[in-house]
Amino acid sequence: MITKVLAERGQATYTPFERIDRTPEEHSRGITINISHVEYETATRHYAHVDMPGHADYVKNMITGAAQLDGAILVVSARDGIMPQTREHVLLARRVGVEHLVVAVNKADGADPELTDLVELELQDLLGEHGYRGTPMVRVSGLRALEGDPYWTASVEALLQAVDDHVPVPVRYVDAPFLMPVENVLTITGRGTVVTGAIERGAVRVGDTVEAVGLGGELTAVVTGVETFGRTMERGEAGDNAAVLLRGVRREQVRRGMVLAAPGHQRAHRTFTARVHLLTADEGGRRTAVAPGYRPQFYLRTTDVPGELLLPGPVRPGDTVDVRVELGKPVALDPGLGFAIREGGLTVGAGTVLTVDD
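Residues numbered from 1 in each chain as written. Predicted model: local features only at pLDDT ≥ 70, side-chain atom pairs only at ≥ 80, totals over all residues. Heavy atoms only, no water.

Glancing now at the overall build of the chain. Within the chain, the regular secondary structure consists of 8 helices and 21 strands. For the chain, with 358 residues in total, the buried portion stands at 48%. Contacts in the chain between residues far apart in sequence, at least 24 positions, make up 68% of those at least 6 positions apart. Of the roughly 17,300 Å² that the chain leaves accessible, carbon and sulfur atoms contribute 49%. (Helix = DSSP H or I, 4+ residues; strand = E, 2+ residues; numbered from the N terminus. Buried < 20%, exposed > 50% of the residue type's maximum accessible area, 1.4 Å probe, protein only. Contact = heavy atoms within 4.5 Å. Areas by Shrake-Rupley, 256 points an atom, 1.4 Å probe, with all protein chains shown as cover.)

Structure below.
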């Protein structure tokens, strides 16, 4: 709905649902559950927007940090209110360091205003529990805005104004050594291998030499092309969703979960120390303690790998401990990197890397 409204002002390119999601049942409902990357402009900002309407997409992208969000729009139905997945979305947003939220209370055109008031009060309580206080809430109707209804089109404009006002301009680490987690790998016939992802820090230019590090592989390559949202650029910098063309690299040599980095600035590690918080059952975590030998999945940047928490004894849900971690595969790590721990489809913990072993 955002790109539809802004496209009429020339501030975005609108992509209809049928070009994002070709599933017949989703097409007939006028919605999509497919992830997509779009860009648009407001009067004062230029946004790279990652749309994650499906719960699985959200969980995957949030806990791996693939989206690297500066802020987020949480969409909640005015008719349904807080759902179980809403709680997990807010929890994960806080755990991966999203500092600023704006709430779009959707389907407000067909909801009782008094019930919508209650939904907003419950949302403020939930958000407050996780440290999001004074979160703006804007009532919208995606369907009516798509139909061009002036009232609901104006509500989308109000939502974007709330994002402009509430989410500060982020600090970009452009002067740091280049680092981009690999999100996807493509082959373009006649050109070579393209690696996509969100640049975490630094900048990359055509002609630069970069290293791919992690997951047991390592290679050096020259960048022969940089694109952002389909536009050829001379450089990409921190905050950009970029596609980087690598000379002489075969597709199987680079995988999601590796990182592209300035030569000599990243190493892969299998063991590290971390501060880990185990979520309680109320937060969506385990009901029972974990014991030495516990082997969950660790989600770090764009990868997930099995590993072991080297615990001295049982740790109960709700506890925070400093612990040593041993991964099944080497991953590019830095002190301060956040990660999530999952088991059996549940997010059971979150942590921060303290030190890495050489």
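Further remarks concern the nonpolar core. Counting residues in each nonpolar core, the largest one holds 44 residues, and the members touching the most others are Leu246, Leu260, Leu300 and Phe339. In this structure, Ala78, Ile82, Val105 and Leu127 belong to the second largest nonpolar core, which totals 18 residues. (Core = buried A, V, L, I, M, F, W, Y, C linked by side-chain atoms within 4.5 Å.)

All right, on to the pattern of salt bridges then. Side chains that carry opposite charge are capable of pairing whenever their charged atoms lie near each other. Counting across every chain of the model gives 17 salt bridges. For Asp117, the salt bridge identified is with Arg139, shortest N-O distance 2.4 Å. Linking Asp117 in helix α6 (residues 113-129) with Arg139 in strand β5 (residues 137-139), this pair joins segments that are 22 residues apart in sequence. The class for Arg139 is partly exposed, based on a relative accessible area of 28%. In the salt-bridge network here, residues are joined through shared partners; they are Asp109, Arg144, Glu147 and Asp149. (Salt bridge = Lys/Arg side-chain N within 4 Å of Asp/Glu carboxyl O.)

Another aspect to go through is helix α5 (residues 84-95). For α5, spanning 12 residues, the distance from its first C-alpha to its last is 17 Å, which sits close to the expected 16 Å at 1.5 Å a residue. Along α5, the residues that are buried comprise Thr86, Glu88, His89, Val90, Leu91, Leu92 and Ala93. Trailing α5 by a residue or two, Gly97 shows a phi angle of about 95°, which is positive. (Expected span 1.5 Å × (residues − 1).)

Turning to unusual backbone geometry, a few remarks are in order. The residue Lys107 is not glycine, and still its phi comes out positive at about 60°. Among the structural elements, Lys107 can be located in the loop between β4 (101-106) and α6.

Between α5 and α6, the least distance of the axes is 10 Å, while the angle of their chain directions is 35°. Seen along the crossing, α5 lies across α6 with a hand that is right-handed. Counted together, Thr86, Arg87 and Val90 of α5 and Leu123, Leu126 and Leu127 of α6 form the full contact between these two elements. Class assignment for the residues of the contact of α5 with α6 results in 4 nonpolar, 1 polar and 1 charged. (Axes fitted to C-alpha atoms, helices over the stretch in contact; angles between N-to-C directions. Left-handed = near helix turned anticlockwise from the far one by under 90°. Nonpolar A, V, L, I, M, F, W, Y, C, P; charged D, E, K, R; others polar.)

As a further point, take the sheet that holds strand β21 (residues 346-356). Strands sit in the order β16-β19-β18-β17-β20-β21 around a closed barrel of 6 strands; the barrel is antiparallel. The mean inter-strand angle of the sheet, taken between neighbouring strand axes irrespective of direction, is 40°. In terms of strand pairing, strand β16 (residues 268-278) meets strand β19 (residues 320-332) through 9 bridges, oriented antiparallel. The partner of Thr271 across the bridge, within β19, is Glu326. (Pairing = 2+ DSSP bridges.)

Glancing now at the packing of aromatic side chains. Across all of its chains, the model carries 3 aromatic pairs by this definition. Judged by centre distance (4.8 Å) and plane angle (85°), the rings of Tyr151 and Trp152 are edge-to-face. Exposure remark for Trp152: the relative accessible area of 10% places this residue in the buried category. Ring centres of Phe272 and Phe339 lie 5.8 Å apart, and the angle between their planes is 80°; on these two criteria the pair is classed as edge-to-face. One end of the pair, Phe272, is in strand β16; the other, Phe339, is in strand β20 (residues 338-343), and 67 residues separate them in sequence. We classify Phe272 as buried; its relative accessible area is 0%. Looking at Phe339, the relative accessible area reads 5%, which means it is buried. Every member of this aromatic cluster is reached through a ring pair, and the members are Phe272, Phe298 and Phe339. The residue whose ring lies beneath Arg94 is Tyr132, and the NZ or CZ to ring-centre distance is 4.1 Å. (Phe/Tyr/Trp six-rings, centres within 6.5 Å; stacked < 30°, edge-to-face > 60°. Lys NZ or Arg CZ within 6 Å of the ring centre and 35° of its normal.)

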